[in-house]
Amino acid sequence: MAKAKSIIEALEQFFLDCELLKEGCLRVDFLGEKPVEYAIETLPCDPIVKRYANGSTVRQYLFAFGSREYYSQERLQNIQNSAFCEKLSDWVEEKDRSETFPELPDGMEAKGLRVVSSGYLFDGSMKNARYQIQLQLLYYKEA
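Quantities reported herein were computed from a predicted structural model and do not represent experimental measurements.

A.B. asks: Which parts of the structure should I look at to understand the overall build of the chain?
C.D. replies: The secondary structure content of the chain amounts to 2 helices and 6 strands. Listed N to C, the secondary structure of the chain is α-β-β-β-β-α-β-β in terms of helices and strands. On C-alpha atoms alone, the chain measures out to a radius of gyration of 16 Å, which is about the 15 Å that the 2.2 N^0.38 rule sets for 143 residues. Projected onto the principal axes, the alpha-carbon positions of the chain cover approximately 55 × 30 × 25 Å. When contacts within the chain are restricted to residue pairs at least 6 apart in sequence, long-range pairs at least 24 apart make up 61% of them. Counting only carbon and sulfur atoms, one obtains 48% of the accessible surface of the chain, whose full area is about 8300 Å². Of the side-chain charges in the chain, 18 are positive and 23 negative, and the distance between the mean point of each set is 2 Å.

A.B. asks: I'm lost on the packing of aromatic side chains in this one. Help?
C.D. replies: Two numbers describe a pair of aromatic rings. These are the distance of the centres and the angle of the planes. Under the definition given, this model contains 9 aromatic pairs. With a centroid separation of 5.0 Å and 40 degrees between ring planes, the pair formed by Phe 15 and Phe 65 is classed as tilted. Of this pair, Phe 15 sits in helix H1 (residues 7-16) while Phe 65 sits in strand E4 (residues 57-70), placing them 50 residues apart in sequence. In this pair, the class of Phe 15 matches that of Phe 65, namely buried. Aromatic side chains Tyr 61 and Phe 63 sit 6.3 Å apart centroid to centroid with 45 degrees between the ring planes, which places their arrangement in the tilted category. For the pair shown, Tyr 61 and Phe 63 are each scored as buried. An aromatic cluster of three or more residues is present, and its members are Phe 14, Phe 15, Tyr 38, Tyr 61, Phe 63, Phe 65, Phe 84 and Trp 91.

A.B. asks: Where do I start with the pairing of E4 in this structure?
C.D. replies: Counting buried positions along E4 yields 13 of 14 residues, so the element is predominantly enclosed. Where strand E2 (residues 37-42) meets E4, 6 bridges bridge the pair, whose relative direction is antiparallel. Following the sheet pairing, Ile 40 is matched in E4 by Phe 65. The pairing of strand E3 (residues 48-51) with E4 spans 3 bridges and is antiparallel. Following the sheet pairing, Ile 48 is matched in E4 by Arg 59. Between E3 and E4, which pair antiparallel and follow one another directly, the connecting turn spans 5 residues, one of which, Gly 55, has a positive phi of 95 degrees. Bridge analysis of E4 against strand E6 (residues 128-141) gives 14 bridges, and the strand direction is antiparallel. Across the sheet, the residue bridging to Ala 64 is Gln 134, located in E6.

A.B. asks: Please explain the nonpolar core as it appears in this structure.
C.D. replies: Buried together is how nonpolar side chains tend to be arranged in soluble globular proteins. Within the largest apolar cluster, 33 residues are counted, with the highest numbers of intra-cluster contacts made by Phe 15, Phe 63, Phe 65, Leu 88 and Leu 137. Of all the secondary structure elements, the ones that give two or more residues to this core are H1, E2, E4, helix H2 (75-97), strand E5 (108-124) and E6.

A.B. asks: I tried to follow the state of the cysteines on my own but got confused; where do I start?
C.D. replies: Two cysteines form a disulfide when their sulfur atoms are joined by a covalent bond. Tallying each qualifying case throughout the model produces 0 disulfides. Cysteine Cys 18 is unpaired, with the sulfur of Cys 85 as its nearest cysteine sulfur at 12 Å. Note on Cys 18: relative accessible area 4%, which makes it buried. Taking the relative accessible area as the measure of exposure, Cys 85 reaches 4% and is therefore buried.

A.B. asks: Would you mind showing me how to read H2 here?
C.D. replies: The α-helix advances 3.6 residues per turn, and as a result positions three or four apart in sequence lie on the same side. Taking 1.5 Å of rise per residue, 23 residues should cover 33 Å, and H2 covers 33 Å from first to last C-alpha, within 8% of that figure. Buried within H2 are the following residues: Asn 78, Asn 81, Phe 84, Cys 85, Leu 88, Ser 89, Trp 91 and Val 92. Directly beyond the C-terminal end of H2, a positive phi value near 55 degrees is found at Glu 99.

What counts and what doesn't
- Residues numbered from 1 in each chain as written.
- Predicted model: local features only at pLDDT ≥ 70, side-chain atom pairs only at ≥ 80, totals over all residues.
- Heavy atoms only, no water.
- Helix = DSSP H or I, 4+ residues; strand = E, 2+ residues; numbered from the N terminus.
- Rg over C-alpha atoms; globule rule 2.2 N^0.38 Å.
- Contact = heavy atoms within 4.5 Å.
- Areas by Shrake-Rupley, 256 points an atom, 1.4 Å probe, with all protein chains shown as cover.
- Lys, Arg positive; Asp, Glu negative; His and termini not counted.
- Charge placed at Lys NZ, Arg CZ, Asp CG, Glu CD.
- Phe/Tyr/Trp six-rings, centres within 6.5 Å; stacked < 30°, edge-to-face > 60°.
- Buried < 20%, exposed > 50% of the residue type's maximum accessible area, 1.4 Å probe, protein only.
- Pairing = 2+ DSSP bridges.
- Core = buried A, V, L, I, M, F, W, Y, C linked by side-chain atoms within 4.5 Å.
- Disulfide = S-S within 2.5 Å.
- Expected span 1.5 Å × (residues − 1).

Pasting the structure below:
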């Protein structure tokens, strides 16, 4: 696989390897109306965490991992949706512990991948719902 040209492309490649995404498609900055779909969406933040004298920086990239799931009054379906969020959070935490990070573009090196917020129902209707987990990628960027 070719090296990613951007952080968002590296994240897409990283999450495509997640065995939990067995259903649906993964998109960037777009989540369709029909289940089951997933999306990686960038979030606003101050990117620089630490600045070094040589101009290099430690940075953060905040993003949301969203999913469009079936949703109803049926308790078991909604438990399954929440369980997916828990499992995805566990997967991210395991990748962070093992230091298995997205392969970033040249001049950048991932240092951490953290769950910022647990998965939650972001928007629901009687047919489907959007669940979301907020994440942070910490990385070093050469000057």
